[in-house]
Protein chains: 2
Amino acid sequence: MKNESQIRALIDNWAAAVRNKDMDGILAHHSNDLVMYDVPPPFKSVGLEAYRNTWDIFFKYTKPGVFDIRELHIMADEHIAFCYATMKCSDKSDTGEFIELPFRLTTGLKKIDDQWVIVHEHHSIPAK
Amino acid sequence: MKNESQIRALIDNWAAAVRNKDMDGILAHHSNDLVMYDVPPPFKSVGLEAYRNTWDIFFKYTKPGVFDIRELHIMADEHIAFCYATMKCSDKSDTGEFIELPFRLTTGLKKIDDQWVIVHEHHSIPAK
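Here's a quick rundown of the structure.

Counting its regular elements, chain A contains three helices and six strands. Secondary structure elements of chain A occur, N-terminal to C-terminal, as α-α-β-β-α-β-β-β-β. Taken against the 2.2 N^0.38 rule, which gives 14 Å for 128 residues, the C-alpha radius of gyration of chain A at 14 Å falls within 12% of a compact globule. Seen along its three principal axes, the alpha-carbon backbone of chain A occupies a region of about 50 × 30 × 30 Å. Residue burial in chain A is summarised as follows: out of 128 residues, 30% are buried. Restricting to contacts in chain A with at least 6 residues of sequence separation, those with at least 24 account for 45%.

Before going further, it helps to examine the relation of the copies chain B and chain A. For these two chains of identical sequence, chain B goes onto chain A by a turn of 180° and a shift of 0.0 Å along the axis, with RMSD 0.0 Å. Within this description, the copies of the chain are treated as partners about a two-fold rotation axis. Interface residue correspondence from chain B to chain A reaches 100%, placing this contact among same-surface, isologous pairings.

All names here are of chain B. In this sheet, strand β5 (residues 98–112) lies alongside strand β4 (residues 80–92) in antiparallel orientation, the contact comprising 13 bridges. In the sheet register, lysine 92 faces β5, and the bridge partner there is phenylalanine 98. Turn length for the β4-β5 hairpin, with the two strands adjacent in sequence and antiparallel, is five residues, and the turn residue glycine 96 shows positive phi of about 90°. In this sheet, strand β6 (residues 115–124) lies alongside β5 in antiparallel orientation, the contact comprising nine bridges. Across the sheet, threonine 107 pairs through a bridge with glutamate 121, a residue of β6. The turn linking β5 back onto β6 is made up of two residues, and aspartate 113 within it adopts a positive phi angle of 50°.

Residues and elements named next belong to chain B. A sheet is described by the order of its strands in space; here six strands give the open sequence β2-β1-β6-β5-β4-β3, paired in mixed fashion. Looking at which strands have only one partner, the edges of the open sheet turn out to be β2 (45–46) and β3 (62–76). Sheet analysis places β3 next to β4, joined by ten bridges and oriented antiparallel. When the bridges of β4 are listed, phenylalanine 67 appears paired with cysteine 89.

This brings us to the nonpolar core. Residues Ile7 and Ala81 of chain A together with Ile7 and Ala81 of chain B are the most contacted members of the largest nonpolar core, which totals 55 residues. Other than its neighbours up to four places away in sequence, alanine 81 of chain A contacts Asn3, Ile7, Ile74, Met75, Ala76, Leu109 and Trp116 of chain A together with Ile80 of chain B.

Looking now at the interface of chain B and chain A. Residue-level contacts link 30 residues of chain B with 30 residues of chain A. For the side of chain B that touches chain A, the residue count by class is 17 nonpolar, seven polar and six charged.

How each quantity is defined
Every chain's residues receive numbers from 1 upward, in the order its sequence appears when written. Throughout, the order in which chains and ligands are written sets their labels, letters from A for the former and numbers from 1 for the latter. With pLDDT at 70 or above as the cut-off, local features in this predicted model cover only qualifying residues; side-chain atom pairs require 80 or more to be listed or tallied, and sums for whole chains, interfaces and linings still use all residues. The helix and strand labels rest on DSSP assignments: H or I over at least four residues marks a helix, E over at least two residues marks a strand, and numbering proceeds from the N terminus. For the radius of gyration, the atom set is restricted to C-alpha positions; the globular benchmark scales as 2.2 Å times the number of residues to the power 0.38. Each residue is classed by its C-beta neighbour count within 10 Å, where at least 20 other C-beta atoms makes it buried, 12 or fewer makes it exposed, and intermediate counts make it partly exposed; the C-beta atoms are placed from backbone geometry. We call two residues in contact when the distance between their C-beta atoms, placed using the backbone, is within 7 Å. In this comparison the copies share one frame, found by least squares on the C-alpha atoms of residues holding pLDDT of at least 70 in both. Note: two strands are recorded as paired if DSSP finds a minimum of 2 bridges between them. Each nonpolar core comprises buried Ala, Val, Leu, Ile, Met, Phe, Trp, Tyr and Cys residues, the members being joined through C-beta atoms within 7 Å. Note on residue classes: Ala, Val, Leu, Ile, Met, Phe, Trp, Tyr, Cys and Pro are nonpolar, Asp, Glu, Lys and Arg are charged, and everything else, Gly too, is polar.

Structure (structure tokens):
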């Protein structure tokens, strides 16, 4: 269970960094060539700089401090792992009010030099 | 690379089964307790019966025979793997015309009794 608990800590720290708007913390365990599928466009973001941009968009439209993990499932082998979770943030509506936004997260990880690194992230909400 | 090629064949066969509306083929390598995050609601589907329902919805609104893998990346260890892909189907618009719909796929797999099984699937399009 060592891998699972390392990954749980990594995901918990990442979510806390989002709540704290701590960009270095958000990016701390992501690979340079990660591929991100996010809630808003673009369709796909490749690389750490593009991944950082998705957070600039996120912070423009959501309520600071709200980025909560509801249930997190982790499946880990020695070098490859993935996890999926239901999450919650708070999204600015057309009237400027914040509305609770549940979303889904799937994350793919690889162990590099004995450290877990996120190489893929998929965030989404169901289509209307 | 044995695990990667087994998984590539599994995903290729699954997509072909979708194109052929072959429900047994679609469900052939999914676990009984898989968790699915799909493009349309519901937010989350748990278990094989709920997963089957997502395909009944899919076949109601999309053009038969269109379910194409554009680029597929696979990361596999001995017992755990994940893959992510950009995909394409064809969606019925309000006027009844079919419109090309690119979407994103992430899949989580576990090797059970020496066979790869899908335990998690996440399909999405960017939010409008």
